[in-house]
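Chain by chain, the residues run as shown.
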Amino acid sequence: MTTETTPNRRTHVRLNPPDTVLVEPIVAHERSAFDMLRGADSQEQNAWLMPETGWRLEPLQRRASSLSELAALSAAILGPADLTVASGFLQAPAFRQEADLTGLTYGAGVSTSGDLFYQKQVGAGQSWGDPSFVLAADQASYPSPTAGAENAPMDRVAVGTAGAGPDQEWFLRFTVPGGRMQAPDHVLTFYFTGPACQGLGQWAIAFGGDGYADVFERTLAGTWAEIDRVVWCPAHQVGRVPHLVHVAPQPLVNNPKLSGVILFEFTLAREPARAAAAPGHFVPQAAESKQALISIPLTGLNPQPAPIRLDIRRDIRTQFQLSKAMLPTIGSLTDDRFSVSFYPTAAEPYILSWSAAVPAGCSVAGHLIDAATNVELTVTGSVGGFPMYAPAYPARAYYVRFDLTGTGWASPTLVGYRLQRDAVAADSRATETALEAETTGLAIVGADEDPSHESATLRVEDRFAAIPALRANGEYTLQVETEYDPADATKRAVLHRGAVVRTEQIHRPQSWTTYRLTSVGMWQRLAEALSPIRFNFGLDTNATGPNGLPLPYKVTDALRTMFGLAGFAAGALDIPDLPIRLFASGDADGLLLEPQASLADLIVRYARDYLGYLVLADANVGARGMWRLRPLGTAANILATFQTDGPGAGKLPHALPSYPANTAFIRRRSYRTWIKPPEGNVVVAFGAANAAAGGGAPMLYKQVLVNPASFDFGGSVTADPTSVDYLGRVRMLYQYLPAQAGEAAVSWVARRVYDSACHGKRLHSFQAPLLLVDDPDDSLLTHLRPLRVNDCVNIGETVCRLRSVNPAYMKDAHQFAFYEAEEL
Amino acid sequence: MDALNLHRTAIQELVARGQGERRGSPRFLAQEKRSILSQAEILGLPEALVAPIQDLNLSSPTFGQFAFMLDYDPLP
């Protein structure tokens, strides 16, 4: 008959057990289009940065001289094949080579004649409203946005022969005859297709003679809605001068806020100014260019392409020309030099990836170039179409070059790029040392809901100065195990795995040395990792919702990503695939992981707040432990029973084998219970939604939940003074949503906070033998393990969930632990 | 003095929890480091009334209970 409480147990303390350690951190360098080409060493060729969009091949027409004189551009100007123009408008080319001038030779690319304009030609006695000046049928079927609010009729004078895509750029050139003092209400209206904002994606810009232009979108009902008003020209400079207008609608890629933009560029060719220094002389003035940008919120609406159209006020003989954007077929970008924040070796390749919209026939090719040699690094392969490069230690300064290829009519759009290299892990080279008989006491604080609380303290006696390892370093890996099966010494339950961060050497004169080791759990490895880059969890490019919009990340995918950024490979993780996604309706600014943000903090927060799951560093699964995501335990999986009763007659009450399997006694006088009051009894959750999430306008969402058992609610007697939830008075809890989100998210968060904070809890604490259990719900577990946080147990007849398990003992024969639990 | 400090700390914790800040409480959604709007700006927005998810009709037999919430409540 044994006198031991926990027979067959034997503790093993291992210093520097086999371990995987991080030797090269993750390396990442990220640039958005708007951060590129800002330094003196950067350069571009045939490319321009379109606002809110990205780098694109630059339309040749952005220089009016190209449009006017180059033969190649004649293909861009819309003629009879592309445009149906009212018959009363005559073609009037504006350029011809001056062949009669002697001593003048034009360049090879200059056209002999061209630069086609149209202009209304009114015959003597002819009506200005003659049918030959109006495409009346088209105007009847597709009314003008200014109809009913015009000082003089606006006539439909031209319509395209085919529908225009929502990304088709246009250049409009026109002159407005008349004096400077004239300010007609409208002079010209241009219709085009762009991204859908609130309607069909059919747009019109109506230029006024006062320098303002009204921008309309055609609604789903076929009416026109004014979206914006922009300044297109200084007042009193509309007349008598030529205007060049660039209309550039663009759907956007990888922008969680916007579905598209419409850029207008207005170039006003100013007349020469009188020279102050030389009276009687005139000085040419540089053209003045203005930009106006309309940002279109993310919506699920699809544009319905329509032909371009043109309206001109009946009494103005505007000379006009329309051309579609013509682009060079090649361009390049050479970005600024940079250095990565480590010295990478060839153990892991670089991956240069980029985000770009690439229409058919277009391409983007990126190159990683060594800044010292100006030679591209050796390409070792590709992943997902992106090149992989071999780092050449110790080089770490580079720059990136992009080659843009277009079709002449379409351009790729480069939104940004990232250079990334995964972390490198290796086996630790530290020599393992076993502390067997030398360990005379240990106290472990197990993880609770916050895994950072895990720690251990050991007392080690070094009688023969035989443990030099304890004097060599300040930090080493520690694993505490216990045997439990006399037939198989390899079966061991891991009680603690972590890192000794403080080794106190207690010196005694003429005696042996005593060490006091303080170890922190594996949390330390995670906590010391910071995010190397900005990461946007608001946009999962691989998933779209029912409305066709990109969804935010799944919570579990975000967790895997953050563990990866911290250097933990997939083999060290046990994270299920759950469908719940982060809150980010229509905007993701609140879900940006900033550089050097704490990954550990966010991991625990996302798991707890969104999923109600716990993050555990589980040393009992896998060869070297794993990070696991586990759901809250339920009464359906009771792993052990603790009782205050003895085992019955004829059995030793202090011996664990006297009790049924997975059952232990509670040590006399150690048992405590108390009630933890609710943290509040009313939850008010606030959420701010942007225009997209708020159905067109920024909105406030609010959800209020109450616990009527805690206080008298609604002027009635609802409280139960005998309830653990009872406070007797209102205690408010306010919760603001972390990101812009919709109605459902606000309700969800309110419920989560309510469930966790608006109920009182009955808590139990006691000391009992250290139970080792099997968990049939855990497929990764191959041996017994100690109980831990989140395990469900019976305490007497009461089902409880453990909040922490803290082993503390000095002899293997009597392995005990302190337990704390809350009633379910 | 220690008791006074303890009391002050407890009050600070209580206020922090009420405001939804983390400060030692592992149970709350914490504010993200980067927030779109300040709390005052959020409260200044026009409000879209949210459908209640709790039955607060005092005469209802299901008074105090919550409506089923997908991905939150276990399937019946």
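Residues numbered from 1 in each chain as written. Chains lettered and ligands numbered in written order. Predicted model: local features only at pLDDT ≥ 70, side-chain atom pairs only at ≥ 80, totals over all residues.

Some details on the overall build of chain A
- In terms of regular secondary structure, chain A is built from seven helices and 58 strands.
- Relative to the 2.2 N^0.38 estimate, which gives 28 Å for 824 residues, the radius of gyration of chain A is 37 Å and therefore markedly larger than a compact globule would have.
- Seen along its three principal axes, the alpha-carbon backbone of chain A occupies a region of about 130 × 75 × 50 Å.
- Within the span of chain A, comprising 824 residues, buried residues form 43% of the whole. (Helix = DSSP H or I, 4+ residues; strand = E, 2+ residues; numbered from the N terminus. Rg over C-alpha atoms; globule rule 2.2 N^0.38 Å. Buried ≥ 20, exposed ≤ 12 C-beta atoms within 10 Å, placed from the backbone.)

Things to note about the overall build of chain B
- Secondary structure assignment for chain B yields two helices and zero strands.
- Counting over 76 residues, chain B shows a buried share of 12%.

Here we look at unusual backbone geometry
Residue and element names in this part refer to chain A.
- Each neighbour pair has its own omega, and for Tyr-393 with Pro-394 the value is 5°, a cis peptide bond.
- Within the secondary structure, Pro-394 is located in the loop between strand E30 (386–389) and strand E31 (397–405).
- A positive phi angle, near 60°, is found at Glu-52, a position not held by glycine.
- Topologically, Glu-52 is positioned in the loop between strand E5 (47–50) and strand E6 (54–57).

Observations regarding the sheet that holds strand E15 (residues 202–207) of chain A
Residues and elements named next belong to chain A.
- One open sheet holds the seven strands; their spatial order is E7-E12-E23-E14-E15-E16-E17, and the pairing between them is antiparallel. Strands with a single pairing partner mark the edges of an open sheet, and in this sheet they are strand E7 (83–85) and strand E17 (224–231). On average, each strand axis in the sheet is tilted by 20° relative to the strand beside it, whichever way the strands run.
- In terms of strand pairing, strand E14 (residues 188–193) meets E15 through six bridges, oriented antiparallel. (Pairing = 2+ DSSP bridges. Axes fitted to C-alpha atoms, helices over the stretch in contact; angles between N-to-C directions.)

What about the pairing of strand E45 (residues 613–618) of chain A?
Residue and element names in this part refer to chain A.
- Among the six residues that make up E45, five are buried, leaving the element largely enclosed by the rest of the structure.
- Here six bridges tie E45 to strand E46 (residues 626–631), and the two strands are oriented antiparallel to one another. The residue bridging Leu-616 from the neighbouring strand is Arg-628, located in E46.

Description of the domain arrangement of chain A
All names here are of chain A.
- Domain boundaries assigned for chain A yield domain 1 (27–52 + 330–421), domain 2 (59–96 + 110–324) and domain 3 (678–759).
- Each of domain 1 and domain 2 was reduced to a C-alpha centroid, and the two centroids are 37 Å apart.
- Taken together, the seven residues of domain 1 in the interface contact 10 residues of domain 2.
- Those elements giving two or more residues to the side of domain 1 that touches domain 2 turn out to be strand E27 (350–357) and strand E32 (413–421). (Domains from an automatic or database assignment. Contact = placed C-beta atoms within 7 Å.)

A look at the sheet that holds strand E43 (residues 573–574) of chain A
Residues and elements named next belong to chain A.
- Read from one edge to the other, the open sheet built from three strands follows the order E43-E46-E45, with strand pairing classed as mixed. The open sheet has two free edges, formed respectively by E43 and E45, since each of these has just one partner strand.
- Two strands pair when backbone bridges link them, and E43 and E46 are joined in this way by two bridges, in the parallel orientation. Bridging from a neighbouring strand, Leu-573 pairs with Trp-627 of E46.
- Lying on the sheet, helix H6 (residues 599–611) is in contact with E45 and E46; it crosses E45 at an angle near 140°.

Comments concerning H6(A)
Residue and element names in this part refer to chain A.
- Helix length check: H6, at 13 residues, gives a terminal C-alpha distance of 17 Å against a target of 18 Å (1.5 Å per residue), a fit within 8%.
- Those residues of H6 lying buried are Leu-599, Ala-600, Ile-603, Val-604, Tyr-606, Ala-607, Arg-608, Asp-609 and Tyr-610.
- Where H6 is buried, its residues touch helix H4 (523–527), helix H5 (555–565), E45, E46 and helix H7 (743–757).
- A positive phi of about 70° marks Gly-612, the residue just after H6. (Expected span 1.5 Å × (residues − 1).)

Some thoughts on the nonpolar core
Residue and element names in this part refer to chain A.
- Ranked by internal contacts, the top residues of the largest apolar core, which has 198 residues, are Leu-559, Ile-603 and Val-793.
- With eight residues, the top contributor of residues to this core is H7.
- Look past the residues within four positions of Leu-559 in its chain and what remains in contact with it is Ile-575, Ile-603, Tyr-606, Ala-607 and Leu-629. (Core = buried A, V, L, I, M, F, W, Y, C linked by C-beta atoms within 7 Å.)

Some points on the environment of A:Asn790
All names here are of chain A.
- When you line up the elements, Asn-790 lands in the loop between strand E55 (785–786) and strand E56 (792–795).
- On the basis of neighbour count, Asn-790 is assigned to the partly exposed category, with 19 C-beta atoms found within 10 Å.
- Here the alpha-carbon distance between Asn-790 and Ala-821, two residues 31 residues apart in the chain, equals 8.9 Å.
- In this structure Asn-790 touches Leu-614, Arg-630, Leu-632, Gly-633, Arg-801 and Leu-802, once residues within four positions along its chain are discounted.

Some words on the pairing of strand E25 (residues 330–334) of chain A
Residues and elements named next belong to chain A.
- In E25, alternate side chains face the same way, and those of Gly-331 and Leu-333 are buried while those of Ile-330, Ser-332 and Thr-334 on the opposite face are not.
- Across three bridges, strand E4 (residues 43–45) lies against E25 in antiparallel orientation. Note that in E25 the partner of Gln-43 across the bridge is Thr-334.

A few points about the packing of H5(A) against H6(A)
Residues and elements named next belong to chain A.
- Two elements in contact, H5 and H6, have axes separated by 10 Å at closest approach and are oriented at 165°. Considering their axes alone, H5 and H6 lie roughly antiparallel with respect to each other. As for the relative orientation of H5 and H6, their crossing is left-handed in sense. Two secondary-structure elements touch here, H5 through Val-555, Ala-558, Leu-559, Met-562, Phe-563 and Leu-565 and H6 through Leu-599, Leu-602, Ile-603, Tyr-606, Ala-607, Tyr-610 and Leu-611. (Parallel < 35°, antiparallel > 145°, perpendicular 65-115°, else oblique. Left-handed = near helix turned anticlockwise from the far one by under 90°.)

Details of H7(A)
Residue and element names in this part refer to chain A.
- For H7, spanning 15 residues, the distance from its first C-alpha to its last is 21 Å, which sits close to the expected 21 Å at 1.5 Å a residue.
- In terms of residue burial, H7 counts as a mostly covered element, since 12 of its 15 residues are buried.
- If you check which residues of H7 are buried, you get Glu-743, Ala-745, Val-746, Ser-747, Trp-748, Val-749, Ala-750, Arg-751, Arg-752, Val-753, Tyr-754 and Ala-757.
- Tucked inside the fold, the buried residues of H7 contact H6, strand E50 (682–689), strand E51 (699–706) and strand E52 (732–736).

Quick notes on the environment of A:Arg63
All names here are of chain A.
- Relative to the elements of secondary structure, Arg-63 occurs in the loop between E6 and helix H1 (64–69).
- C-beta crowding within 10 Å serves as the criterion here: with 14 such atoms nearby, Arg-63 is assigned to the partly exposed category.
- Taking the C-alpha atoms as reference points, Arg-63 and Ile-533, separated by 470 residues in sequence, lie 39 Å from one another.

Digging into the confidence of the model for chain A
- Per-residue confidence for chain A gives a mean pLDDT of 87, with 93% of residues at or over 70.
- Low pLDDT, under 50, characterises residues 585–590 of chain A; the predicted model gives this stretch 31 contacts beyond four residues in sequence or across chains. (pLDDT = per-residue confidence, 0-100.)

A word on the environment of A:Met810
Residue and element names in this part refer to chain A.
- The topology assignment puts Met-810 in the loop between strand E57 (798–809) and strand E58 (816–823).
- Residue classification places Met-810 among the partly exposed residues on the basis of 14 C-beta atoms within 10 Å.
- Sequence separation between Met-810 and Phe-192 is 618 residues, and the spatial gap between their C-alpha atoms is 83 Å.
- When residues no more than four places from it in sequence are discounted, the contact partners of Met-810 are Thr-440 and Gly-441.

Quick notes on the confidence of the model for chain B
- For chain B, the average pLDDT comes to 69, and 49% of its residues sit at 70 or higher.
- We note a pTM of 0.77 for the whole complex and an ipTM of 0.75 for its interfaces.

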